[in-house]
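Report on the structure
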Amino acid sequence: MKTIIYSILLVACLFMACCSHDHEPKYESELIRIWVSAQTTVTDVSGEDGHENPIECLQVKYSPDGSWEPMMIGTIKGFEYEKGVEYELSVLRTMLSNPSVDGSTYTYRLERIISHQVVNASIHGIDSCIEIPAEGKDFDIDFTTNAPCEIVHVTGDMFGESDLLQLYDSGYGCGYSLRLNIPQNTGMGRVKLLTLSFSNGDEKEIGIWQMPGTFTESEAFELPYAGSLGYLIGTDQSNIGRIRNIRIVGNMNAHDAYYLKKILDSHNYQGYGEKPEYTVDLVHSGFVYGDKGKYSACGICDVRNEYLPSVYSNEVPSGVFTSNKYLLKVTLPEDIKAINASAFWHCESLGKINIPSSCTEIGSQAFSSCTSLTNVDFPYISHEMDLPHLQTIGEGAFSNIGRLESFVLPESLKSVATTALSFYVDRLFSLTEEPPVWEVPGNAGYVIGPKPDGCTLYVPFGCSEAYKASEKWNQFKIEEMPEDKWWEMIP
């Protein structure tokens, strides 16, 4: 009987022990493989306030053909993830019988990295643009990448002999030193491009931009291509401010127009009490479509689009010269097709401008409030050049300017806005055989249009009667030009 009782008690104890063990936490671990994408993803996670918060996560899958699933960064203990690198990992995954409050069922610990492959090469410790002072500089730049790299191209300006790149091994990833030996620059700003090629096939350009030497009062900028004026003049405003006479050779786009205006607006850097005066020679230049700086991909003299003027092919852009009170003279290239609205508005010191023969339109307010403008040159009249193409003069284009010695209305002219020629002029030349159709003064008082205050109107030979018969023109003192060599009368 006692034997039976002891047996029952033993079974009961064993049963109770087993029941008690069922309430202890159980940990089951196994080695698994995990594949980690080179790209992360963003997943919304509920915060303590109940709102969904976007969290950057790894993308993982548990078989080569599986679907990518999000995993919080830092979940795999001992694993340091780098973007752009694809991994295959051996991971110890442990299942918890009592998951934590955040609901995690497993914990993960890195056992080893089976393989890794750089998908997107990255570089740390070096900028895309390295700016060097005009005085030159010798130094090393240490940087690391996630893939071996080498220099495959060196283009641009010559700086002198340099040992540009040395490699050293720093374990996982690669460490490099870029050794620069840049001599002094006495000319325009210059750029050298290094192209780094990575083991995964990616390439990266690094620009080395050296500032120009000290500018003088007269500087000629020869643009090797549109978009290069910015890097030629550099970033030193006080250096730009030394320039008084500017000559530009080569085509300019919107990026160049921005930097041309920057030179003209640099008067604040001239010293106390000094009034700078500028002349601009664009005879061998012109404006073309485009808004990019030549090396903007490397971050060199890049300009945000909202700061750039609108530039059209062979047209003087609006705003480039606007309100510049120190501009004395501008010489435009012969192939300019239009002078856009407000291009020279309120340039109160501007005394002389030329109207190229190819120009078909002078926009509204183009020269308005140029109160010192006394010489509007029509070079195709006094020289053997192409015939004029000017067809339209916009509203207020020459309103409130200085008193002119002469002004020419070419035979190509078709329309003149009412207030386009609101100025005083001593001699007005109209080269059309028929009186132009536009609003001419109707009385001798203050009127819109050229004011006949002592003004003589010169018309083609044999056409004076037609002008005298016109109600709009007969208030002027009208004289005919000679039949031969009439152009010699025009200054």
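The coordinates are above.
Attention in this report is confined to the structure presented alongside it. Owing to the predicted nature of the structure, the values given are computational and were not obtained by experimental measurement.

Overview of the sheet that holds strand β27 (residues 404-409)
With respect to topology, four strands assemble into an open sheet ordered β27-β29-β30-β31, the strand pairing being parallel. Only two strands of the sheet have a single neighbouring strand rather than two, namely β27 and β31 (477-480). Between one strand axis and the next, the sheet turns by 20° as a mean value, whatever way the strands run. As paired elements, strand β29 (residues 425-430) and strand β30 (residues 456-459) share three bridges and run parallel to each other. Bridge pairing links Leu-428 to Leu-457 in β30.

Focus on the packing of aromatic side chains
Taken as a whole, this structure holds 16 aromatic pairs when the rule is applied. Taken together, Phe-321, Phe-344, Phe-367, Phe-378, Phe-398, Phe-407 and Phe-423 form an aromatic cluster joined through their ring pairs. One cation-aromatic arrangement involves Arg-93 over Tyr-106; the distance from NZ or CZ to the ring centre is 4.4 Å. Lying across the ring of Tyr-225, Lys-294 places its NZ or CZ 4.6 Å from the centre.

Looking at the pattern of salt bridges
Pairs can form between side chains of opposite charge once their charged atoms are near each other. Scanning the model with the defined rule gives 11 salt bridges in all. Of the charged contacts, one joins Arg-33 and Glu-88 as a salt bridge, the two residues approaching to 3.0 Å between their closest N and O atoms. With a gap of 55 residues between them, Arg-33 in strand β1 (residues 27-36) and Glu-88 in strand β6 (residues 85-96) connect regions that are remote in the sequence. Among the residues examined, Arg-33 registers a relative accessible area of 46% and is labelled partly exposed. For Glu-88, a relative accessible area of 13% gives the class buried.

Topic: the sheet that holds strand β26 (residues 392-393)
Read from one edge of the open sheet, five strands run β20-β22-β24-β26-β28, paired in parallel fashion. In this open sheet, the two strands that pair with only one neighbour each are β20 (315-316) and β28 (415-416). Where strand β24 (residues 361-362) meets β26, two bridges bridge the pair, whose relative direction is parallel. Residue pairing in the sheet places Glu-361 in a bridge with Thr-392 of β26.

Cut-offs applied
- Residues numbered from 1 in each chain as written.
- Predicted model: local features only at pLDDT ≥ 70, side-chain atom pairs only at ≥ 80, totals over all residues.
- Heavy atoms only, no water.
- Pairing = 2+ DSSP bridges.
- Helix = DSSP H or I, 4+ residues; strand = E, 2+ residues; numbered from the N terminus.
- Axes fitted to C-alpha atoms, helices over the stretch in contact; angles between N-to-C directions.
- Phe/Tyr/Trp six-rings, centres within 6.5 Å; stacked < 30°, edge-to-face > 60°.
- Lys NZ or Arg CZ within 6 Å of the ring centre and 35° of its normal.
- Salt bridge = Lys/Arg side-chain N within 4 Å of Asp/Glu carboxyl O.
- Buried < 20%, exposed > 50% of the residue type's maximum accessible area, 1.4 Å probe, protein only.

Geometry only, nothing functional implied.
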